[in-house]
Every structure is written in C-alpha cells, then in structure tokens.
Amino acid sequence: MKSAMKFVKIAICAIVCVALIFLTYRYINKPSSSGAAQAGGPGGAPAGQAPAGQQGGRGSSGGSGEQGGGRASGGGKQQGGSAQGSGGGAPSGGKNAAAGGAPGGGASASKSQNVTSVRTQIAEVTALQDYVFTTGEIAPLSTVAVYPEIGGKVVRLNVEVGSKVKKGDVLMKVDPSSPGMEYALNSVTAPISGTIMSLPARQGTTVTVNASVATIGDVSNLELTANVPERYVSSLRNGLKADVTLEAYPEDVFKAHIIRQAPALDTASRTKEVTLTFDSPDARINAGMFAKVKLFTDVYDGSVTIPSSAVIERSGKKYVFVLNGDGQTVAEREVTTGKSVDNVVQLLTGVDAGDRMVVEGMRVLGNGSTVRDIGADR
C-alpha cells in the first residue's frame, strides 16, 4: 500500500513539472501584439494604408528630414519630401539615410585612421665618445716593506700606523740577546720617506729577518691600477682620460689619466694592466680603495647621428623615415650605419644634416605614409 502511495505522489509531481514547462514555453514564444501596430502607420494601421500625409512623417520608421534621410545623412528635407511623394515612408527614409550618411562619415574616419602620429628630430653631425668600463684598486706610488737586519725582541717602538717618517728615521729597537748571551740593541730604520701603512711588529714581540715589521708608502702620490679586456687593447694609449668613482663617495667623480701600460697581457685573464694617476690630489682618496673606472677611448665624428631605435632593419638592409617638404608625408631611405655608442648610431649614407627624421612611431610607416608630428625637436 505504501509503495502504491509513493508511486502516485511521484506521478503527480511529474505531471505538475511537465505542465509548468509547457506553460513557460508558451509564454516565452507568445507573438508580440505590438509588432503589427509598429509595422504599420500610426494607430496600428497596416503599412501602405496610412494616409499619404503621414507616410514619411513622424512614424517609427518615417522619412522626415530629421529622421529618414535628414540631418545625419546630409540629404535634408528633399529626401523626406521624396519619401512623401512615393508613399514609401520608412523604407525610402532608411535607404536615403544609408546612402547619405554612411559614405560621408566613412570617408572621414578612413582618412583619420591613415594619419600616424610620430616624433621627429633634425639630423645633426655630432661626435660619439666611446669608452670602456673597468675596475681597479688605489695604491701608493711607491711602497716598501721593512725587514730587520737581525732577529730578536722588539724592546722599543717609535712609530704607529699613519706616522710620517723620513728616510733614515729609527722605527724600532730590536734586542738580539739570548739566555747567556747579551748583544747591543739593533735599530730598524726607514728605507724611504713616507707614511707607515702597516705595522705588524708590536713591542715585546719577537721578529725575524724573514718577516716584514712595517710597510712604508708614499700616500701623497696615489695611483690606480686597472685591467682592460683584450678586445679594447688597440684603443689604449698613455694620456687617455678617465672618470673614477669610489664606493665611499658614489656621487663624486674624480678625474684621472693613464700614465703607463703593462708590456704584456695576463695570459690567465686576457687583460692588460694600466696605471692611472689622479689629475689633482684629494684627501678623500685613500690607498686600498676599490674604484670604478670609465676610461674614454676613441672619438667618432664627422657623421650624422640618430637614436639606434629609429633605424629599421628589413631583409638585411637598414632604413629610416625622413619627413618630406610638405610636412605631412614621409619618405623611406636606405642608410648605412657606423659606430654606435649608448644607443646612438652614426649614419654614414642616406641622410644629410638638416633632414628631419622620424625617431618615434616609425614601425607602422611605409614610403609615402601620412603623418602628424606631435613632438618635433625644433
């Protein structure tokens, strides 16, 4: 009995669902009653039966001068009048609107789309300064390690790190005596004039003839030693200028120049050692500092230069675009490039000084393209 009741409930639910689906479908697909009224003339009259004075008038598809072929198309009231005479109403107005408005607006839009905005600059002959980046260390012009003549205990120390000494000054006294044997004190003197840069020996320590007890350097005359890669060796020569920056003073630039070069390359690193001296002494520069060196090498002049990005390469050839005399079109010119430094390249042929070249926006251009210069470098 329970199974039968359950089956009846399920059947009733299924019938209700089917009925709801059917009613929903009928509602969605019910014909619109307003369509026929809109298709005809005013008041729902069938098309073609409306009074002649109202066809082409203010109906939903009418052909008055304002709606049919009117202001948007440029046809004006004459097109609306033509619609009244023929009794065409909406059809006539629609055709006139399409014929009058679309072509005129389309031509204007097409012309606007064909104009490309670009930036130009005048071609000028400028020199390119090439350079090499390298690093190096600062050291005194001359440095000497001091050794005692005899080993023993340091019994007197007359200097400290940073002390200025002259050649022959006594740096320390060494007692070479040993148990059961007594000797006179031995003096350790400065072999050169300069500044004590390091002092490993301390009073009371024992020193030997094989170990340095002090280092003296001429810190008033500093030099910078740097290594230049082999591929730039052909550009090296004494006197080349350089800009030096130090980690301690990153915003300051110290001027220097090459005073000598190593006679041979280092076979391990394939670099050549060059020595530079600073153009003027500066108390901020200390021996042992790490330096970044911008070494100026060759100068390339006598040619027009342009940003490298303005040169287009196609099929193995290089081109630029030059603004024509009318100021509105461009000409494509094949060029020959030369040296390049910092994204600026020489143009050896194809462009003359005074030509106005396109430097931005040239990727979409062709020979004779119409352009608008939005940022000329005048």
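The rules behind the values
Residues numbered from 1 in each chain as written. Predicted model: local features only at pLDDT ≥ 70, side-chain atom pairs only at ≥ 80, totals over all residues. Heavy atoms only, no water. Helix = DSSP H or I, 4+ residues; strand = E, 2+ residues; numbered from the N terminus. Buried < 20%, exposed > 50% of the residue type's maximum accessible area, 1.4 Å probe, protein only. Contact = heavy atoms within 4.5 Å. Areas by Shrake-Rupley, 256 points an atom, 1.4 Å probe, with all protein chains shown as cover. Core = buried A, V, L, I, M, F, W, Y, C linked by side-chain atoms within 4.5 Å. pLDDT = per-residue confidence, 0-100. Pairing = 2+ DSSP bridges. Axes fitted to C-alpha atoms, helices over the stretch in contact; angles between N-to-C directions.

Novice: Would you mind going over the overall build of the protein chain with me for this structure?
Specialist: Across its full length, the protein chain holds four helices and 23 strands. Across the 378 residues in the protein chain, those meeting the buried criterion constitute 31%. Put simply, 66% of the contacts in the protein chain that link residues at least 6 apart link residues at least 24 apart. In the form shown here, the protein chain has an accessible surface area of approximately 23,000 Å², with 52% of it arising from carbon and sulfur atoms.

Novice: Help me understand the nonpolar core in this model?
Specialist: Soluble, globular proteins show a tendency: their nonpolar side chains are buried together. Counting 22 residues, the largest nonpolar core has Ile 138, Val 244, Leu 246, Leu 276 and Leu 295 as the members making the most contacts within it. For this core, the elements supplying multiple residues, two or more each, are strand S3 (128–140), strand S12 (222–229), strand S13 (241–246), strand S14 (249–261), strand S15 (271–278) and strand S16 (290–300). Per-element tally for this core: the top contributor is S12, with four residues. Those residues in contact with Leu 246 that lie beyond four places of it in its chain are Ile 138, Phe 254, Ile 285, Met 289, Phe 290 and Ala 291.

Novice: Where do I start with the confidence of the model for the protein chain in this structure?
Specialist: A low pLDDT score tells you not to read the predicted coordinates there in detail. Looking at the protein chain, the pLDDT average stands at 80 and 76% of residues meet or exceed 70. In the model of the protein chain, helix H3 (residues 76–86) stands out as the element of lowest mean pLDDT, 37, in contrast to S13, which has the highest, 97. Contacts for the low-pLDDT stretch residues 32–112, under 50 throughout, to residues beyond four places or in other chains number 71 contacts.

Novice: Help me understand the sheet that holds S12 in this model?
Specialist: Note on sheets: strands pair through backbone hydrogen bonds, and any given pair is parallel or antiparallel. Spatially, S3-S12-S15-S14-S13-S16 is the arrangement adopted by the six strands of the closed barrel, whose pairing is antiparallel. The sheet shows a mean angle of 40° between the axes of neighbouring strands, direction not considered. Note: S3 against S16, nine bridges, orientation antiparallel. When the bridges of S16 are listed, Tyr 131 appears paired with Phe 296.

Novice: In this structure, what is going on with the sheet that holds strand S7 (residues 170–175)? I would like to understand it.
Specialist: The strand order across the open sheet formed by four strands is S8-S7-S5-S10, and the pairing between neighbours is antiparallel. Each having just a single partner strand, strand S8 (186–189) and strand S10 (206–207) make up the two edges of the open sheet.

Novice: Which parts of the structure should I look at to understand the environment of Val 125?
Specialist: Position of Val 125 relative to the elements: it lies in strand S2 (residues 124–125). A C-alpha to C-alpha distance of 7.5 Å links Val 125 and Asp 301, two positions 176 residues apart in sequence.

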